[in-house]
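Residue-level structure breakdown
The residues making up each chain are set out below.
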Amino acid sequence: MDFYELHLAGLVRRLPKVAISKNLSIASFVMMGDTELVERCAEKLTERLGDISLDALVCPEAKAIPLTHAMARIMKLNYVVIRKSVKGYMVGPLVETVRSITTTEEQTLVMDGSDVAKIRGRKVCLVDDVVSTGASLRSARQILDRAGAITVAQAAPLLEEGGHDGEGVTFLETLPVFPTEK
Ligand SMILES: O=P(O)(O)OC[C@H]1O[C@H](OP(=O)(O)OP(=O)(O)O)[C@H](O)[C@@H]1O
């Protein structure tokens, strides 16, 4: 298998290259479970966000959850997770659909009504592990708008090249994509 050597937040990781279509491979970045990487990225991203006034962090399920937790600890904030399915215990959930770079099927983004109440009228930072096409961020922002939250910042350790232009996203490094020769 072919690997891409990622240098991020002072650490080095070997990411397997995986084909996501006939013409394109991406470096598979899964920081969830990598405690050292999660905590270093949380420190660096928090530093990079600077002196910003926030009431809460928000992230989509699933891979961004540990990072968001680590950032929330540093910033002494709580956070809300936008889920990917409606659960029986939710009250009045808000629902949007999204198709991210890695997922062939359309995904559902869901915010539980009890979480809506926590962030309505509040200043939030939207956190993800990687921004590629930007579709996940866009759908998450739509939910935040519907929830009445004020999205004052967006942050992710990695911005994947060739998709979202990175405008309005605080990030640490870019991640190349790999066109496959025919
Ligand atoms: O900018 P985009 O094209 O939307 O892609 C980026 C999103 O895709 C990945 O999530 P994935 O869909 O793999 O979900 P998971 O975290 O639940 O595994 C990644 O963790 C981002 O959330």
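Since we're looking at a predicted model, the values are computed, not measured.

**A word on the overall build of the protein chain**
- When you go through the protein chain residue by residue, the secondary structure sums to four helices and twelve strands.
- On C-alpha atoms alone, the protein chain measures out to a radius of gyration of 16 Å, which is about the 16 Å that the 2.2 N^0.38 rule sets for 182 residues.
- Counting only C-alpha atoms and orienting by the principal axes, one finds that the protein chain spans roughly 50 × 35 × 30 Å.
- Classification of the 182 residues of the protein chain by burial places 44% in the buried group.
- Counting contacts in the protein chain only where the partners sit at least 6 residues apart, residues at least 24 apart contribute 59% of the total.
- Total accessible area on the protein chain is roughly 9400 Å²; 47% of this is exposed by carbon and sulfur atoms.

**Re the site of the ligand**
- Neighbouring the ligand are 18 residues; Ser100, Thr102, Asp129, Thr133 and Ser136 lie closest to it.
- Residue serine 136 places a side-chain N or O atom 2.5 Å away from an oxygen atom belonging to the ligand.
- A total of 500 Å² of accessible area belongs to the ligand in isolation, and the protein chains cover 89% of it.

**Quick word on the nonpolar core**
- Judged by nonpolar contacts, the single largest core of 33 residues is most densely connected at Leu8, Phe29, Cys41, Leu57, Leu67, Met71 and Cys125.
- Sorting the residues of this core by element identifies strand S1 (3-8), strand S2 (11-19), helix H1 (35-49), strand S4 (56-60), helix H2 (65-75), strand S8 (123-127), strand S10 (150-160) and strand S11 (170-175) as the ones contributing at least two each.
- Leaving out residues up to four positions away in the same chain, phenylalanine 29 has contacts with Leu6, Leu8, Leu15, Leu37, Lys63, Asp129, Val130 and Leu158.
- By size, the runner-up hydrophobic cluster in this structure holds 23 residues, among which are Val80, Val98, Leu126 and Val169.

**Notes on the packing of H1 against H2**
- Their axes nearest at 9 Å, the elements H1 and H2 cross at an angle of 55°. In terms of axis orientation, H1 runs oblique to H2. Considering how the two elements wind past one another, H1 and H2 form a crossing that is right-handed. Along its contact with H1, which presents Val38, Cys41, Ala42, Glu43, Leu45, Thr46 and Leu49, the element H2 presents Pro66, Leu67, Ala70, Met71, Ile74 and Met75.
- Of the residues assigned to the contact of H1 with H2, the class counts are eleven nonpolar, one polar and one charged.

Conventions adopted
- Every residue gets a number counted from 1 within its own chain, in the order that chain's sequence is written.
- Where totals are concerned, whole chains, interfaces and linings use all residues; where local detail is concerned, this predicted model gives features only for residues with pLDDT of at least 70, and gives and counts side-chain atom pairs only at 80 or more.
- Excluding hydrogens and water, the side-chain figures rest on all heavy atoms present in the structure.
- Only DSSP runs of H or I covering at least 4 residues are called helices, and only runs of E covering at least 2 are called strands; the numbering of each starts at the N terminus.
- The globule rule used here is 2.2 Å times the number of residues to the 0.38 power, and the radius of gyration it is set against is calculated over C-alpha atoms.
- Only protein chains enter the area calculation, which uses a 1.4 Å probe; residues under 20% of their type maximum are buried, those over 50% are exposed, and those in between are partly exposed.
- By definition, residues are in contact when any of their heavy atoms lie within 4.5 Å.
- Note that accessible areas follow from Shrake-Rupley with a 1.4 Å probe, and for residues the cover is restricted to the protein chains shown.
- Throughout, near means a residue has at least one heavy atom within 4 Å of the molecule or strand.
- Polar contact criterion, stated in full: a pair of N or O atoms within 3.5 Å, where within protein one must be able to donate a hydrogen and the other to accept it, and residues adjacent in sequence count only if both atoms are side-chain atoms.
- Nonpolar cores were defined as sets of buried Ala, Val, Leu, Ile, Met, Phe, Trp, Tyr and Cys residues, with membership established by side-chain atoms within 4.5 Å.
- Only the stretch in contact is used when fitting a helix axis, every axis being a line fitted to C-alpha atoms; angles between N-to-C directions are given from 0 to 180 degrees.
- By definition in this entry, angles of less than 35 degrees are roughly parallel, angles greater than 145 are roughly antiparallel, angles of 65 to 115 are roughly perpendicular, and the rest are oblique.
- Take the far helix as the reference: if the near one is turned anticlockwise from it by less than a right angle, the crossing is left-handed, and if turned clockwise, right-handed.
- Here the nonpolar group is Ala, Val, Leu, Ile, Met, Phe, Trp, Tyr, Cys and Pro; Asp, Glu, Lys and Arg are the charged ones; every other residue, Gly included, is treated as polar.

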